[in-house]
Amino acid sequence: MRVAGVRSVNLLCRTARRLGPEIANPSRLPAVVASHVRSCLRCQADAVRYRRLRRELGSLADRIEAAPPFLLTGVEQAISAQLASSAGSRQHAHLAATIAGTAAAAASAVAVAMWRRARAAV
Ligand SMILES: [Zn+2]
């Protein structure tokens, strides 16, 4: 049985999800997406998670922690290996930049997880 409107709701949820952290700032969303987020509990939950993450990252702005040595070494090796294999190719350079960005995001996620674990232990 097909329920009217389900397909468009799923499409709007996917569209909102693709916007990533932007979903946390409704004033910057396209009107149709902002309207959907206001009425969709799943998208509202995503927005709340992004706002909480932004708040937690903001609270770390003045905190200096040494990154675990294995983390930095692994990121540098991944970037160096990708750059070495893609020398001279613009497409490969874009891929290397994407990998570097992904590695930086992963390092940030690990840092937040470590911070949460340290905070929970107090
Ligand atoms: Zn939704």
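Up top is the structure these notes are about.
Residues numbered from 1 in each chain as written. Predicted model: local features only at pLDDT ≥ 70, side-chain atom pairs only at ≥ 80, totals over all residues.

### What to know about the overall build of the chain
Within the chain, the regular secondary structure consists of 5 helices and 0 strands. Put simply, the chain runs from its N terminus to its C terminus through helices and strands in the order α-α-α-α-α. Taking the contacts inside the chain whose residues are at least 6 apart along the sequence as the reference set, 38% of them involve residues at least 24 apart. (Helix = DSSP H or I, 4+ residues; strand = E, 2+ residues; numbered from the N terminus. Contact = placed C-beta atoms within 7 Å.)

### Some details on helix 3 (residues 41–59)
An ideal rise of 1.5 Å per residue puts 27 Å on 19 residues; helix 3 measures up with 27 Å between its terminal C-alpha atoms. Inspection of helix 3 places Cys43, Asp46 and Ala47 among the buried residues, and these make up the whole buried set. Seen along its axis, helix 3 keeps its buried residues to an arc of 100°; they face one direction. Across helix 3 from its buried face, at more than 90 degrees, point the exposed residues Leu41, Arg42, Ala45, Val48, Arg52, Arg55 and Ser59. (Expected span 1.5 Å × (residues − 1). Buried ≥ 20, exposed ≤ 12 C-beta atoms within 10 Å, placed from the backbone. Arc of directions from axis to C-beta.)

### Section: helix 4 (residues 69–85)
The end-to-end C-alpha distance of helix 4 is 24 Å, a good match for the 24 Å that 17 residues give at a rise of 1.5 Å each. Summarising burial for helix 4: 0 of the 17 residues are buried, a small minority.

### What about the nonpolar core?
Ala16, Ile23, Ala24, Leu29, Val33, Val37, Cys43 and Ala47 together form the largest nonpolar core, which totals 8 residues. For this core, the secondary-structure elements that each account for two or more residues are helix 2 (31–39) and helix 3. Ignoring sequence-local partners within four residues, the contact set of Cys43 consists of Cys13, Ala16, Ile23, His36 and Val37. (Core = buried A, V, L, I, M, F, W, Y, C linked by C-beta atoms within 7 Å.)

### Some details on the environment of Ile79
Within the element layout of this structure, Ile79 appears in helix 4. In sequence terms Ile79 and Ala103 are 24 residues apart; their C-alpha atoms lie 8.5 Å from each other.

### Describing the environment of Val110
Among the structural elements, Val110 can be located in helix 5 (residues 90–121). Assessed through the 13 C-beta atoms surrounding it within 10 Å, Val110 is described here as partly exposed.

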